[in-house]
Amino acid sequence: MILVYVDHDRGEIDPISLQAISAATALDPDVQAVIVGHGGKELAGEIAAYGATAIHAGHHVDLFDFTPRAHARAVHSLIEKNSPRAVLAGGTPRGNEVLSHVAALMDAPFASECVSIVLTGADRADIVRARWAGNMLEEAVVVAPVLIASVQAHSFTAVAAAAPLSLTEFEVPLSEGDVLVRVQDRVGSSAGGVGLAEAKVVVSGGRGMDGPDAFSMLEDIAGVLGGAVGCSRVVTSAGWRPHAEQVGQTGTKVAPDLYIACGISGATQHIAGCKSSKTLIAINTDAQAPIMGFADYVVVDNVHTFLPLLIEKLKAANQK
Amino acid sequence: MEIAVCIKRVPLLGSAIVLTPDGMAIDTSKLGFGLSPHEECAVEAAVQLVEANGGSVTLFSMGHVDGEEQIRDQLAIGADRAVLIDTNGVEPDPQAAASALAEAISTEDTTFDLVIMGSESADYGGSQTGIRVAHKLGLPVVTSVKGLKIEGGVATCERAVGSIREVYTVTLPAVITVRDGLNIPRYASVPGRMKARKKSVDIKQVTFDEPRITTKKFTIPDREAKGATSLGSGDEAAAALVDVLKQIGVLT
């Protein structure tokens, strides 16, 4: 049996968790899911639709919003009770955090950000995991009777595979130390713009924008396409745009339908943040820039002269 | 306030990674070294806290002895002293790394109020060392922090989840892992660099436990030869690009 930790935010399921369920199903058809906190059990139907044969919904009077160590305690209690061969989660900040706590509680190894998992024996697994945010892959052997691993976002496809709904609720056995660190408040909202991580279209600018002013053109394009503005690290370091807009290894990783890279050369750290985009269009004066090798469509031109032409055509097309 | 900061020396990559012929390491012969941006922010945060509250910043770094150069860079921006754990060329797995760091931190004469680390290393990216160190030290841990205030022995931490920010509070002592964007790390001043030369860097040896995750080899993922379609330039390219947007359905 494979146990999958399913992350959710107040009843909104994390799509990478569904990818983890599909990754688990490939290892063993007996996949069980654990979900914790307010709004979790209501998601059982949605989880079963991806093939989880049993869903364990953990609750406790002290649990509402995300509480990392308590979620780990819930996972750990199920490992002790049901002895899974492996425990998986989505390779997200929360998925990695919960499994790190689980691994620390068990003093067991944790293979994060896997792109491939093969169980080769009772306590051995061959894994391939992402290093440098996916710019390099590590082939490794993990020795552990219970493999703890997270799957890199968008490395596995979530496949619907309906299983009959089997929901069990349980009270998470918590101690005081498990609830010391928990969400106390939530601030800000997506009001006033499309969030970068969720945007279907990201229009991103780099050094070639030559300063903060030219970003108004990217805002225009994002406005027409219903997208968000992003940028490279050079841009935030120079103070042209806020850090929240940075795409890359140390910023936000995005996987939109369309990524338009304007004046971005394509350092490995930037590519790590945008390589999961469905379609990538690069606009750059240098036809040899690394970004051009990752793009589906390239325009070899200067953003300062090209973008005004594009905006004019976009606005005309939009009015039709 | 006594603060420990864990930092790691990593190669500064360009636009492509080149491996050694045996596939067991990155060929760093043509590369410089630095820290992950997360850790530069960790040191900056610690220095700011000590400037405001008094105390001292001790750096802990595990890796090659040549990492003393990157440690001196951080001493130059205001950290007070450092402990360099010499790994003798062995790369520990995250469990072994966390054990060695926790051991080094807990055997210092100083009792630390705060341990700050990056949320994950640039190279390994295990996302777990800070949490493991916290468990070893018996401390609470808040991860991926991009906003930090400390008042009356309580740290208020913010982290981004999608488009909202979650707020956590934790009573010190605690471990906090931080992300790039927490602050803008300062550049070292010339007097800072002069002072850094005289600050103490203790070098310790370490023996790791048997690894539970053993690397077999590294590979560079295939970059699908996408064979990018060139749309040309100028007016003609703008029209072609609008057609592409319609074709993939982002423009109706």
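Computed from a predicted model, the values in this text were never measured in an experiment.

Enquirer: Can you tell me about helix α9 (residues 303–319) of chain A, naming the residues and giving the values?
Expert: Residues and elements named next belong to chain A. Compared with an ideal rise of 1.5 Å per residue, which puts 17 residues at 24 Å, α9 spans 24 Å between its outermost C-alpha atoms and is within 8% of the ideal. Within the span of α9, buried status applies to V303, F306, L307, L310, I311, L314 and A317. Down the axis of α9, the buried side of the element spans an arc of 135°, and every buried residue falls inside it. For α9, the exposed residues lying more than 90 degrees away from the buried face are E312 and Q319. Taking the backbone nitrogen of H304 as reference, a side-chain oxygen 2.7 Å away marks N302 as the first, capping residue of α9.

Enquirer: So what's going on with the packing of helix α3 (residues 94–106) of chain B against helix α4 (residues 129–137) of chain B? Which residues, and what values?
Expert: Residue and element names in this part refer to chain B. Their axes nearest at 9 Å, the elements α3 and α4 cross at an angle of 50°. By the angle class used here, α3 and α4 are oblique. Seen along the crossing, α3 lies across α4 with a hand that is right-handed. Contacts from P94, Q95, A98, S99, L101, A102, I105 and S106 in α3 reach T129, R132, V133, K136 and L137 in α4. Here the residues of the contact of α3 with α4 are counted per class, giving 7 nonpolar, 4 polar and 2 charged.

Enquirer: Describe the side chain of E44 of chain B, listing the residues and the values that go with them.
Expert: Residues and elements named next belong to chain B. With respect to the secondary-structure elements, E44 resides in helix α1 (residues 37–53). Taking the relative accessible area as the measure of exposure, E44 reaches 3% and is therefore buried. Not counting residues within four places of it along the chain, the set of residues in contact with E44 comprises I77, N183, I184, P185 and R186.

Enquirer: Can you lay out the domain arrangement of chain A for me, pointing to particular residues and giving the numbers?
Expert: Residue and element names in this part refer to chain A. Assigned domains of chain A: these are domain 1 (2–179) and domain 2 (201–319). One C-alpha centre belongs to domain 1, the other to domain 2; they are set 34 Å apart. Listed by partner, the interface residues are 6 residues for domain 1 and 8 residues for domain 2. Interface area for domain 1 against domain 2, summed over the two sides, is near 530 Å², with a carbon-plus-sulfur share of 53%. The largest share of the area that domain 1 buries against domain 2 comes from A133, N135 and H154, three residues that together contribute 73% of it. Between domain 1 and domain 2 we count 0 salt bridges in total. Counting across the interface, domain 1 meets domain 2 through 1 residue pair in polar contact (both at pLDDT 80 or more). Tallied by class, the residues present in the side of domain 1 that touches domain 2 amount to 2 nonpolar, 4 polar and no charged.

Enquirer: Any details on the packing of aromatic side chains? Residues and values, ideally.
Expert: Here a ring pair, both rings aromatic, is described through the centre-centre distance and the interplanar angle of the planes. For the structure on display, the rule yields 1 aromatic pair over all chains. Pairing F60 of chain B with F112 of chain B gives two aromatic rings, centres 5.8 Å apart and planes at 80°, and the pair type is edge-to-face. Of the two residues, F60 of chain B is situated in strand β4 (residues 56–63) and F112 of chain B in the loop between α3 and β6 (114–118); the sequence distance between them amounts to 52 residues. Across this residue pair, the class does not change: F60 of chain B and F112 of chain B are buried. We note R94 of chain A situated over the ring of F66 of chain A; from NZ or CZ to the ring centre the distance is 4.4 Å. The ring of Y124 of chain B carries R129 of chain A above its face, with NZ or CZ at 4.2 Å from the centroid.

Calculation rules
- Residues numbered from 1 in each chain as written.
- Chains lettered and ligands numbered in written order.
- Predicted model: local features only at pLDDT ≥ 70, side-chain atom pairs only at ≥ 80, totals over all residues.
- Heavy atoms only, no water.
- Helix = DSSP H or I, 4+ residues; strand = E, 2+ residues; numbered from the N terminus.
- Expected span 1.5 Å × (residues − 1).
- Buried < 20%, exposed > 50% of the residue type's maximum accessible area, 1.4 Å probe, protein only.
- Arc of directions from axis to C-beta.
- Polar contact = N/O pair within 3.5 Å; in protein donor to acceptor, adjacent residues only side chain to side chain.
- Axes fitted to C-alpha atoms, helices over the stretch in contact; angles between N-to-C directions.
- Parallel < 35°, antiparallel > 145°, perpendicular 65-115°, else oblique.
- Left-handed = near helix turned anticlockwise from the far one by under 90°.
- Contact = heavy atoms within 4.5 Å.
- Nonpolar A, V, L, I, M, F, W, Y, C, P; charged D, E, K, R; others polar.
- Domains from an automatic or database assignment.
- Buried area = accessible area lost by both parts, 1.4 Å probe.
- Salt bridge = Lys/Arg side-chain N within 4 Å of Asp/Glu carboxyl O.
- Phe/Tyr/Trp six-rings, centres within 6.5 Å; stacked < 30°, edge-to-face > 60°.
- Lys NZ or Arg CZ within 6 Å of the ring centre and 35° of its normal.

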